[in-house]
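Next come the chains, spelled out residue by residue.
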Amino acid sequence: MQYEYYEMVRKREENVRKISHDIKNNLQVMSRLKNEKERLTIAEDINDSLNKYSLVRYSTQDILNVILNIKVKDAKLEGLNIDVDIKTNLAFMESIDVSNLITNILDNAIRAAKDSNDKVINFVIKKKMNYVIIDCSNSYSGEIKFNKKHELVSTKDGDHGYGTKIIKNVVDKYNGELNYDIKNSLFNLNIVIEKTEK
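Every value quoted in this text rests on a predicted model; they were computed, and no experiment measured them.

(A) Main features of the nonpolar core. One finds Leu90, Leu101, Ile102, Phe123 and Ile134 to be the most contacted residues of the largest nonpolar core, which totals 37 residues. Every element with two or more residues in this core is listed here: helix H3 (62-77), strand S1 (81-86), helix H4 (95-113), strand S2 (120-128), strand S3 (131-138), helix H5 (162-173) and strand S7 (186-194). For this core, the element with the most residues is H4, which contributes 8 residues. If sequence neighbours within four positions are ignored, Ile102 has contacts with Leu64, Ile67, Leu68, Leu90, Phe123, Ile125 and Ile134.

Listed below in structure tokens is the structure:
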């Protein structure tokens, strides 16, 4: 279901690009208008419209861009300071797995950071040799619990930590490693997956 939603948003992004193309053509026409005040007013309106609908291109992978744009917006609506640094894509993974992995990582980070004092999230995807490394650190409040295997234990009432289980399932599917720790008052998630050809 999440994948269908992100596919719909990706198609919407395509439509916005088409609209953007049309608006740019209209800007060229307006530049030939004689009334300067009228030209500037219309140009500003069109430019404002473009800015409302433009998406940040974090990577070359459409589904990753859509997810990150949505989650960055969600984080900012919660008053969080989020930093995203994408150096590689996840094209070797199935789109549904990219969606499940990234949305759950960022949903968990947003949920924890919004109740903290610092309200910070740092999200990085990078490549080292033939491995993709995903790091997410976030501020938090309260206590974080680990079991004897150093696996994260959910402390949420009424929620059974499904997001964490989904993250683990996706990482396991790609024979990756998932680690959690706490450093400098930040909760850190680290994933390492060997990048294989699709």
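(B) The arrangement of the side chain of Ser137 in detail. Residue placement: Ser137 occurs in strand S3. Beyond its immediate stretch of four places on either side in the chain, Ser137 contacts Val120, Ile121, Asn122, Leu186, Phe187 and Asn188.

(C) Region of interest: the sheet that holds strand S6 (residues 177-183). The 5 strands are arranged S1-S2-S3-S7-S6 in an open sheet whose pairing can be described as mixed. Edge positions in the sheet fall to S1 and S6, since each has one partner strand and no second. Across this sheet, the average inter-strand angle for adjacent strands is 10°, counted without regard to direction. Taken together, the 8 bridges between S3 and S7 define a ladder with antiparallel strand orientation. When the bridges of S7 are listed, Asp135 appears paired with Asn190. Packing of H3 onto the sheet brings it into contact with S1 and S2, and relative to S1 it is tilted by some 165°. Relative to the sheet, H5 contacts S6 and S7, its axis offset from that of S6 by approximately 135°.

(D) How the structure looks around the environment of Val124. As for its position among the elements, Val124 is in strand S2. Here Val124 falls in the partly exposed class, since its relative accessible area comes to 23%. Residues Val124 and Lys87, 37 residues apart in the sequence, show an inter-C-alpha distance of 7.8 Å. Setting aside its immediate chain neighbours within four residues, Val124 contacts Asp85, Ile133, Ile134 and Asp135.

(E) Inspection of the packing of H4 against H5 at higher detail. Relative orientation of the contacting elements H4 and H5 amounts to 140°, with a least axis distance of 9 Å. Between H4 and H5, the angle is such that the two are oblique. In this structure, H4 meets H5 at a crossing whose hand is left-handed. Along its contact with H4, which presents Asp97, Asn100, Leu101, Asn104, Ile105 and Asn108, the element H5 presents Gly163, Thr164, Ile166, Ile167, Val170, Val171 and Lys173. Across the contact of H4 with H5, the residue classes tally to 6 nonpolar, 5 polar and 2 charged.

(F) Structural context of the packing of H3 against H4. For the pair H3 and H4, interaxial distance at closest approach is 10 Å and the crossing angle is 15°. With respect to their mutual orientation, H3 and H4 come out roughly parallel. Seen along the crossing, H3 lies across H4 with a hand that is right-handed. Contacts from Ile63, Leu64, Ile67, Leu68, Lys71, Asp74 and Ala75 of H3 reach H4 at Ser95, Val98, Ser99, Ile102, Thr103, Leu106, Asp107 and Ile110.

Basis of the calculations
- Residues numbered from 1 in each chain as written.
- Predicted model: local features only at pLDDT ≥ 70, side-chain atom pairs only at ≥ 80, totals over all residues.
- Heavy atoms only, no water.
- Core = buried A, V, L, I, M, F, W, Y, C linked by side-chain atoms within 4.5 Å.
- Buried < 20%, exposed > 50% of the residue type's maximum accessible area, 1.4 Å probe, protein only.
- Helix = DSSP H or I, 4+ residues; strand = E, 2+ residues; numbered from the N terminus.
- Contact = heavy atoms within 4.5 Å.
- Pairing = 2+ DSSP bridges.
- Axes fitted to C-alpha atoms, helices over the stretch in contact; angles between N-to-C directions.
- Parallel < 35°, antiparallel > 145°, perpendicular 65-115°, else oblique.
- Left-handed = near helix turned anticlockwise from the far one by under 90°.
- Nonpolar A, V, L, I, M, F, W, Y, C, P; charged D, E, K, R; others polar.

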